[in-house]
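One-letter residues, chain by chain:
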Amino acid sequence: MAAKIIDGEKISARLRRGIASEVESLRESSGVTPGLAAVLVGNDPASEIYVERKTRACGEVGIRSEEVRLGAETTEGELLSVIERLNADPEVHGILVQLPLPQGINETAVLGAVSPLKDVDGFHPENMGMLMEGNPRFISCTPYGIMEIIDHLGIDVLGKDIVVIGRSNIVGKPVAAMLLNRDATVTVCHLCTKNLAAFTRGAEILIVAIGCSEFIKGDMIREGAVVIDVGINRDGNGRITGDVDFESASKVCSRITPVPGGVGPMTITMLLSNTLQAARLAVEGKGKG
């Protein structure tokens, strides 16, 4: 069996065309252009690249973007003041704080300071809680993108055995909650799980987000499963790899996301979707405060 490649770039491009159309419709009907502010503290090279990609993507769909760049010496108090200003700016509908933050800044305090009505990353405790209740306002962008991939494939997850490897607040927990909200049978595993392969071999859909290069091998995967690889790593030669050993996995599964070009493009696209949603809430009078 040779797995079909899930083309995240292609799915993302289709979604972005729809977002661009909806952004234009909102502008015509209300005079409001969705606005996103990206806050970057320090000069982490990877963060620089991510912010540039997000800014470029905003331009492609007609979303106004603003980059707030702060030096590595910025204090937590100064960063919180910037967030307070952006919270109060009516032209800023979405705020994202690029992670990681420099040492000495409390990540939890900073993310909690972003207005939950502008939290387009979906990290605020209020938005996380709404997701757990099954009534989400904003969903973390990577889990949102994973669900869009599943929907694009036409998979009904009701009752399906799905294994999520990874328990982070950014991917593992939110995607498990989304799947549970759709009545899937979800098992969450992690690096401390004993006999991990016993769980992965039973998964009809396997979602891997543990940050370990090529950790999941083909003999750990159920034949015909759908594999969604969230990992982005670099091996000793600088080669970009996923958390799944693509070569061996693709001989067993039915469909698989590549790295790069799988989940990554979807993450940025869902950020655009969340920013559009935040602007809609503002127009409706629900996005104040």
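Residues numbered from 1 in each chain as written. Predicted model: local features only at pLDDT ≥ 70, side-chain atom pairs only at ≥ 80, totals over all residues. Heavy atoms only, no water.

Undergrad: A description of the overall build of the protein chain should follow, citing residues and the corresponding values.
TA: Summing up its helical and strand segments, the protein chain has ten helices and eleven strands in all. On C-alpha atoms alone, the protein chain measures out to a radius of gyration of 19 Å, which is about the 19 Å that the 2.2 N^0.38 rule sets for 289 residues. With respect to the principal axes defined by its C-alpha atoms, the protein chain has extents near 55 × 45 × 35 Å. Residues classed as buried in the protein chain amount to 51% of the 289 residues present. Put simply, the protein chain shows about 13200 Å² of open surface, and 50% of that area lies on carbon and sulfur atoms. Put simply, the protein chain has 29 plus and 37 minus side-chain charges, and the middle of one group is 4 Å from the middle of the other. (Helix = DSSP H or I, 4+ residues; strand = E, 2+ residues; numbered from the N terminus. Rg over C-alpha atoms; globule rule 2.2 N^0.38 Å. Buried < 20%, exposed > 50% of the residue type's maximum accessible area, 1.4 Å probe, protein only. Areas by Shrake-Rupley, 256 points an atom, 1.4 Å probe, with all protein chains shown as cover. Lys, Arg positive; Asp, Glu negative; His and termini not counted. Charge placed at Lys NZ, Arg CZ, Asp CG, Glu CD.)

Undergrad: For the nonpolar core, give the residues involved together with the corresponding values.
TA: Ranked by size, the top nonpolar core spans 51 residues in total, and within it Ile146, Ile149, Ile150, Val157, Leu179, Ile207 and Ile228 carry the most contacts. With ten residues, the top contributor of residues to this core is helix H10 (residues 263–283). Beyond its immediate stretch of four places on either side in the chain, Ile146 contacts Val171, Val175, Ile207, Ile228, Val230 and Val263. Counting 20 residues, the second-largest nonpolar core is a separate cluster that includes Val163, Val227, Ala249 and Ile256. (Core = buried A, V, L, I, M, F, W, Y, C linked by side-chain atoms within 4.5 Å. Contact = heavy atoms within 4.5 Å.)

Undergrad: I'd like a description of the sheet that holds strand E8 (residues 226–229), backed by residues and values.
TA: Hydrogen bonds along the backbone pair up the strands of a sheet, which may run parallel or antiparallel. Strands sit in the order E1-E11-E8-E7-E5-E6 across an open sheet of six strands; the sheet is parallel. With one partner strand each, in any of the chains shown, strand E1 (4–5) and strand E6 (185–189) form the two edges of the open sheet. Direction of pairing for E8 relative to strand E11 (residues 255–256): parallel, over a ladder of two bridges. If you follow Val226 over to E11, its bridge partner there is Arg255. (Pairing = 2+ DSSP bridges.)

Undergrad: So, the packing of helix H1 (residues 8–30) against helix H2 (residues 45–61): which residues are in play, and what are the values?
TA: Two elements in contact, H1 and H2, have axes separated by 8 Å at closest approach and are oriented at 60 degrees. With respect to H2, the element H1 is oriented oblique. Residues Arg16, Ile19, Ala20 and Val23 of H1 lie in contact with H2, whose contacting residues are Ala57, Glu60 and Val61. Residue classes in the contact of H1 with H2 are distributed as five nonpolar, no polar and two charged. (Axes fitted to C-alpha atoms, helices over the stretch in contact; angles between N-to-C directions. Parallel < 35°, antiparallel > 145°, perpendicular 65-115°, else oblique. Nonpolar A, V, L, I, M, F, W, Y, C, P; charged D, E, K, R; others polar.)

Geometric descriptors of this kind do not, in isolation, establish any biological role.
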